[in-house]
Amino acid sequence: MRVKKLRDLMEKEALDYVILSPGSNTFYLTGFFEEQMERPLFLIISKDDEFFLAPKLYEEQLEKTKIATISYEDGENPYSKLTLKTGSSIGVDDQLWSVFLIQIINNFKPSKIIEASKMLRKLRAIKDDQEISTMKEGIKIAEKSFLQFLDYVTEGIPECKLANILEEKFIENGADGYSFKTILTSGPNTSMPHLRCTDRKINRNEPIIVDFGVKYKNYSTDTTRVVSIGNVSEDVKKVYEIVKEAQISAENGEENMTAMKIDSLAREKITMAGYGKFFIHRTGHGIGIDVHEDPYISQDNLERVTNGMIFTVEPGIYVPGKFGIRIEDMVFMEKRGKPLNSLEKNIFIV
């Protein structure tokens, strides 16, 4: 069904072939997941056929996909195994290595090359029931791990050691691993949104940002909460309430609102409170197989957010050199936004 939908889009784009490398697009279409190695491994889809070109060592793995495989041995020229029409129009995976694309160009001299994501991102943005169920299970694992991890938040422990403990909990609770390297910062480090962690030691009465996600059955989660050992300052409490109000406002976006409008629901709350210049990133992003997918909940995105999309809502305020606050949940659009997380939105005091 997914391949058929892709073929319909290929026809609209007047494409003869789509050539995908191992990764999220190939997994979405076939269930096969592998890393790209130095040997060419492609999924090739035409108007009436689909097949893998792969090193012989992948033959048995690929049998499970029920898709034909053209295999080659070491020493063979893999491109000689292909019968792509010279001068054809092709869509290529965004992650296709340039060394492979150069060989495709030199061997088959395509008349047109476009990014395959132009079509696939439209398909992947709408989640089916199985995808939604898998992601909900992933969230349960992530949240269970976070709640267990709180027992280890103690004064004097380094940020990175604490982040590693959380990631160990992911595995213990059944995740495949993390969907991105955990962001765990404390005190003044929290004013840098994408600082991962440092050797700084956790102190009492300061905000700790924990931005975390698991990989479960090749799907991703992404959540952010704020933790503190003891109470935080009144300034932090004030900013926290502003961010929470902004986050809840954007979560309540409605079907067919533009991504820009949903972004504005959060941004206007923060701006009206006088902190607009300290909200320095978009409000959120789609999530699925990849942590970052369409739709992007940003100030310049006029795409409409429709039923079946899952995206994050994660506004933040970051005061340089002092502190930052961010709250993030995953939201499913179903006439209105429906948060998939169950963790409370208050600061977790330990």
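Here, every reference points to the structure presented above.
Residues numbered from 1 in each chain as written. Predicted model: local features only at pLDDT ≥ 70, side-chain atom pairs only at ≥ 80, totals over all residues. Heavy atoms only, no water.

Caption draft 1: Geometry of the layout of surface pockets. Size it by volume and the largest pocket reaches roughly 530 Å³. Contributing to the lining of the largest pocket are 24 residues, with Ser-24, Asn-25, Gln-95, Arg-124 and Asp-290 lying nearest its centre. Those elements that provide at least two residues to the lining of the largest pocket are helix 2 (24–30), helix 5 (117–125) and strand 14 (293–297). Among the elements that line the lining of the largest pocket, the one with the most residues is helix 5, at 5 residues. Across the lining of the largest pocket, the residue classes tally to 6 nonpolar, 8 polar and 10 charged. Empty space within the second largest pocket amounts to approximately 270 Å³. Along the walls of the second largest pocket sit 16 residues, with His-194, Asp-211, His-285, His-292 and Glu-314 positioned nearest its centre. (1 Å grid on protein atoms, 1.4 Å probe; cavity = no way out; pocket = protein on both sides within 12 Å on 5 of 7 lines; lining within 4 Å. Points joined across faces, edges and corners; volume = space filled by probe spheres on them. Helix = DSSP H or I, 4+ residues; strand = E, 2+ residues; numbered from the N terminus. Nonpolar A, V, L, I, M, F, W, Y, C, P; charged D, E, K, R; others polar.)

Caption draft 2: Spatial organisation of the side chain of Asn-189. With respect to the helices and strands, the residue Asn-189 is situated in the loop between strand 8 (183–186) and strand 9 (208–212). A relative accessible area of 12% places Asn-189 in the buried class. A polar atom in the side chain of Asn-189 sits 3.3 Å from the side chain of Thr-198. Excluding its chain neighbours within four sequence positions, the residues that come into contact with Asn-189 are Glu-159, Leu-195, Thr-198 and Arg-200. (Buried < 20%, exposed > 50% of the residue type's maximum accessible area, 1.4 Å probe, protein only. Polar contact = N/O pair within 3.5 Å; in protein donor to acceptor, adjacent residues only side chain to side chain. Contact = heavy atoms within 4.5 Å.)

Caption draft 3: Focus on the sheet that holds strand 20 (residues 348–349). Sheet architecture is open: 4 strands sit in the order 8-9-12-20, paired in mixed fashion. Each having just a single partner strand, strand 8 and strand 20 make up the two edges of the open sheet. Of the strand pairs in this sheet, strand 8 and strand 9 are connected by 4 bridges, and their pairing is antiparallel. Within the sheet, the bridge partner assigned to Thr-185 lies in strand 9 and is Ile-209. Strand contacts of helix 6 (residues 129–149): strand 8, strand 9, strand 12 (223–228) and strand 20, with the helix running at about 150° to strand 9, the strand carrying the most contacts. (Pairing = 2+ DSSP bridges. Axes fitted to C-alpha atoms, helices over the stretch in contact; angles between N-to-C directions.)

Caption draft 4: Examining the packing of aromatic side chains more closely. Per the stated rule, a full pass over the model turns up 11 aromatic pairs. Residues Phe-32 and Phe-52 carry aromatic rings whose centres are separated by 5.6 Å and whose planes lie at 70° to one another, so their mutual orientation is edge-to-face. Highlighted residues: Phe-32 in the loop between helix 2 and strand 2 (42–46) and Phe-52 in strand 3 (residues 50–55), separated in sequence by 20 residues. An angle of 0° between the planes, with centres 5.1 Å apart, marks the rings of Phe-146 and Phe-212 as stacked. Of this pair, Phe-146 sits in helix 6 while Phe-212 sits in strand 9, placing them 66 residues apart in sequence. A network of ring pairs unites the aromatic residues Phe-146, Phe-149, Phe-170, Phe-212 and Phe-348 as a single cluster. Its guanidinium or amino end placed over the ring of Tyr-28, Arg-2 lies 4.1 Å from that ring's centre, counting from NZ or CZ. The ring of Phe-279 carries Arg-267 above its face, with NZ or CZ at 4.0 Å from the centroid. (Phe/Tyr/Trp six-rings, centres within 6.5 Å; stacked < 30°, edge-to-face > 60°. Lys NZ or Arg CZ within 6 Å of the ring centre and 35° of its normal.)

Caption draft 5: Structural context of the sheet that holds strand 11 (residues 219–220). Spatial strand order, 7-10-11: 3 strands in an open sheet with antiparallel pairing. Pairing within the sheet leaves two strands with one partner each, and these edge strands are strand 7 (177–178) and strand 11. Pairing analysis gives 2 bridges linking strand 7 to strand 10 (residues 214–216), with the strands arranged antiparallel. Among the inter-strand pairings, Gly-177 is bridged to a residue of strand 10, identified as Lys-215.

Caption draft 6: Broad picture of unusual backbone geometry. Following Asp-294, the chain continues to Pro-295 via a peptide bond in cis, the omega torsion being 0°. Along the chain, the position of Pro-295 falls in strand 14. With phi around 40°, Lys-109 is a residue other than glycine that occupies positive phi space. One can find Lys-109 in the loop between helix 4 (98–108) and strand 6 (112–115). Take Lys-109: its relative accessible area is 53%, and that puts it in the exposed class. In this structure, Lys-335 is a non-glycine residue whose phi angle is positive, near 70°.

Caption draft 7: View of the nonpolar core. By size, the foremost hydrophobic cluster in this structure holds 34 residues, and its most contacted members are Leu-6, Val-18, Leu-29, Leu-120 and Ile-310. Of all the secondary structure elements, the ones that give two or more residues to this core are helix 1 (2–13), strand 1 (17–20), helix 2, strand 2, strand 3, helix 5, helix 6 and strand 18 (329–334). With 4 residues, the top contributor of residues to this core is helix 1. Among all residues touching Leu-120, those that are not within four sequence positions of it are Leu-6, Leu-20, Asn-25, Tyr-28 and Leu-29. One finds Ile-242, Ala-246, Ile-262 and Met-333 within the second-largest nonpolar core, a separate group that totals 33 residues. (Core = buried A, V, L, I, M, F, W, Y, C linked by side-chain atoms within 4.5 Å.)

Caption draft 8: Geometry of helix 8 (residues 234–251). With 18 residues, helix 8 extends 26 Å from end C-alpha to end C-alpha; this agrees with the ideal 26 Å at 1.5 Å per step. Considered for burial, the residues of helix 8 that qualify are Val-236, Val-239, Tyr-240, Ile-242, Val-243, Lys-244, Ala-246, Gln-247, Ser-249, Ala-250 and Glu-251. (Expected span 1.5 Å × (residues − 1).)

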